[in-house]
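Summary of structural features
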Amino acid sequence: MREINIKLLLPYNWGHIRKIKIYDNKKQLITKIMHGEELTLNIDSDIEEVIIKLDFYKSVIKIPKNEKVYLGLYMDFRDRFPFKYLDTLKRKCLTGHFMTEEEYESFNLSFYAESFRWVPKAGIDKPTVFLGLLISVALIALSIIQQNNPYQDIIFFIGASGTISLALLYFEKDKVELYDYRNRMIASGCSFILAGLLASSSLSAGGLIVLLGFTFVLRSVAGVKRLFNAANLT
């Protein structure tokens, strides 16, 4: 027999009320564990692997040949848009690895925070975000006015989604995640340009939206580059 210590930490509120099943390499259920729990179990010495399962998630982790081992379980994903949602679709997103006793004792939710690059609200380019909000509202109005435009629904969707996304940035109380900020700004700017090109029934309005979209993108790129340089990132 040997001792295995297990700790499970999940980000946000993902799966906090679910029980993760842990099997041995003989497919026999060893135990179940919930977020924030720590378990100490005695297992047979001939068990070579543990299998972590929840719904479609499944990871196989080889057990070190020690009498006392420490296993930390977590979700392995890039915590920024859009990779956050893509990575959580991978079967091995729920995984873990064996640690030293010291690593196990210090294993906590800061494990996830280490992948974040936070920007204080004062660091974001609020005039550019406000410009994006004005463009978004203008697109909503344009989609209502251009009733005969076959792309009316797309223009409205771009305007509405831009309004929501940028409003969340503009009215953020404390801080924003750097990569999320970058992706929202660049994606919004490219969407504005597309919407301007689709406003074919009003060339003057469409041309103005395209011009403002390019201005928004250029200002966003410059602002994001400044933040990356300040954080010593590339």
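Scoring rules and cut-offs
Residues numbered from 1 in each chain as written. Predicted model: local features only at pLDDT ≥ 70, side-chain atom pairs only at ≥ 80, totals over all residues. Heavy atoms only, no water. Patch = residues over 30% accessible without salt bridge, like charges linked within 9 Å, V, L, I, M, F, W, Y side chains within 5 Å. Areas by Shrake-Rupley, 256 points an atom, 1.4 Å probe, with all protein chains shown as cover. Salt bridge = Lys/Arg side-chain N within 4 Å of Asp/Glu carboxyl O. Lys, Arg positive; Asp, Glu negative; His and termini not counted. Charge placed at Lys NZ, Arg CZ, Asp CG, Glu CD. Helix = DSSP H or I, 4+ residues; strand = E, 2+ residues; numbered from the N terminus. Pairing = 2+ DSSP bridges. Axes fitted to C-alpha atoms, helices over the stretch in contact; angles between N-to-C directions.

1. Some points on a positive patch on the surface
Taken together, the side chains of Lys-19, Lys-21, Lys-27, Lys-32, Lys-53 and Arg-91 define a basic patch exposed on the protein surface. Examined against the element boundaries, Lys-32 turns out to sit in strand β3 (residues 29-33).

2. Looking at the sheet that holds strand β5 (residues 49-54)
In space, the four strands of this open sheet follow the order β3-β2-β5-β6, with antiparallel pairing throughout. Of all strands in the sheet, those bounded by a partner on one side alone are β3 and β6 (57-62). The mean inter-strand angle of the sheet, taken between neighbouring strand axes irrespective of direction, is 20°. Across four bridges, strand β2 (residues 20-24) lies against β3 in antiparallel orientation. Each residue of the ladder has a partner; that of Ile-22, found in β3, is Thr-31.

3. A word on the sheet that holds strand β4 (residues 38-43)
If you walk across this open sheet you meet the four strands as β4-β1-β7-β8, and the pairing is mixed. The sheet is open, and its two borders are formed by β4 and β8 (94-99), each paired with just one other strand. The sheet shows a mean angle of 25° between the axes of neighbouring strands, direction not considered. Inspection of the sheet shows strand β7 (residues 68-75) paired to β8 by six bridges, in the antiparallel sense. Counterpart to Leu-73 in the pairing with β8 is Gly-96.

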